[in-house]
Amino acid sequence: DVTSKPVRRDSSGGLPSHNVVKHDLRSDRDTRCESGVDEESLPRHLAIIMDGNRRYGKAHHGSKTAGHEAGGRKVMEFAKWCIAEKIKTITLFAFSTENWKRDPAEVAALMSI
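Because the structure is predicted, anything quoted here is derived from the model rather than measured. (Residues numbered from 1 in each chain as written. Predicted model: local features only at pLDDT ≥ 70, side-chain atom pairs only at ≥ 80, totals over all residues. Heavy atoms only, no water.)

1. Let's talk about the overall build of the protein chain
Applied cut-off: Every helix listed is a DSSP run of H or I at least four residues long, and every strand listed is a run of E at least two residues long, numbered separately from the N terminus. Here's how the labels work: a residue is buried when its accessible area is under 20% of the maximum for its type, exposed when over 50%, partly exposed in between, all with a 1.4 Å probe on protein chains only. In this description, contact between two residues means that some pair of their heavy atoms is separated by no more than 4.5 Å. Residue exposure ignores everything except the shown protein chains as possible cover, and the areas themselves are Shrake-Rupley values with a 1.4 Å probe.
On a plain count of helices and strands, the protein chain comes out with four helices and two strands. Secondary structure of the protein chain in N-to-C order comes out as α-β-α-α-β-α. Here the protein chain holds 113 residues, and the buried ones make up 23% of them. Across the protein chain, every contact between residues at least 6 apart in sequence was considered, and the portion connecting residues at least 24 apart equals 69%. Of the roughly 8,000 Å² that the protein chain leaves accessible, carbon and sulfur atoms contribute 53%.

Listed below in structure tokens is the structure:
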């Protein structure tokens, strides 16, 4: 459950900046290879479509933004898992043209993640 993990916040209480996120991905510390699949058999590229974070946040936290933040934490966890598994490339589809029609505050929150 992504909600049970502590999240490092910046001085304004928001999620860490993009540079901090990049720094966090420099190693797979605290993550271990667990699939047991040999490296030659692993996919070289995984693509992910983010969907449902808004609904999750509203249902579990009463906040759309909390769902987006939880999704961001899950992406970080997944990326570190991919590093441990030696998966070289991840493509993340996280924002569609339809998302621009949302409330400007929600769009701003998404852009800050």
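2. As for unusual backbone geometry
Positive phi values are uncommon outside glycine, yet Lys86 reaches one of about 70°. Tracing the backbone shows Lys86 in the loop between α3 (64-85) and β2 (89-93). Look at Lys86 and you get partly exposed, because its relative accessible area is 41%.

3. Structural notes on the confidence of the model for the protein chain
Filter applied, for reference: Scored between 0 and 100, pLDDT is the confidence that the predictor attaches to each residue.
Taken residue by residue, the protein chain gives an average pLDDT of 77. The fraction at 70 or more is 72%. This model gives residues 1-22 a pLDDT under 50, and the stretch forms 25 contacts once residues within four places in sequence are excluded.

4. What to know about the environment of Ala66
Within the fold, Ala66 resides in helix α3. With relative accessibility at 18%, the residue Ala66 sits in the buried group. Along the chain, Ala66 and Arg54 lie twelve residues apart, while their C-alpha atoms are 8.0 Å from each other. Sequence-distant contacts of Ala66, that is, excluding residues within four places in its chain, are made with Gly57 and His61.

5. Brief notes about the packing of aromatic side chains
The condition that has to hold: Within 6.5 Å between ring centres, the rings of Phe, Tyr and Trp (the latter by its six-membered ring) count as paired, and their orientation is classed by plane angle as stacked under 30 degrees, edge-to-face over 60, tilted in between.
Applying the stated criterion across every chain yields a total of two aromatic pairs. Relative to Trp81, the ring of Phe78 has its centre 5.9 Å away and its plane inclined at 20°; by these criteria the two rings are stacked. One end of the pair is Phe78 and the other is Trp81, both in helix α3 and three residues apart, which spans about a single turn. Residue classification places Phe78 among the partly exposed positions, given a relative accessible area of 25%.

6. Concerning the side chain of His68
Structurally, His68 can be placed in helix α3. Beyond its immediate chain neighbours, meaning those up to four positions away, His68 contacts Asn53, Arg54, Arg102, Glu106, Leu110 and Ile113.

7. What about the pattern of salt bridges?
Condition: In the sections that follow, a salt bridge refers to a side-chain nitrogen of Lys or Arg positioned within 4 Å of a carboxyl oxygen of Asp or Glu.
Under the counting rule described, the total for this entry stands at five salt bridges. For Arg55, the salt bridge goes to Asp51, with nearest N and O atoms at 3.5 Å. There is no split in this pair, since Arg55 and Asp51 are both exposed. Among the salt bridges present, the one from Glu77 reaches Lys74, with a minimum N-O distance of 3.2 Å. With Glu77 and Lys74 both in helix α3, this residue pair falls three residues apart, about one helical turn. Salt bridges linked by common partners bring Arg54, Arg102 and Glu106 together as one network.

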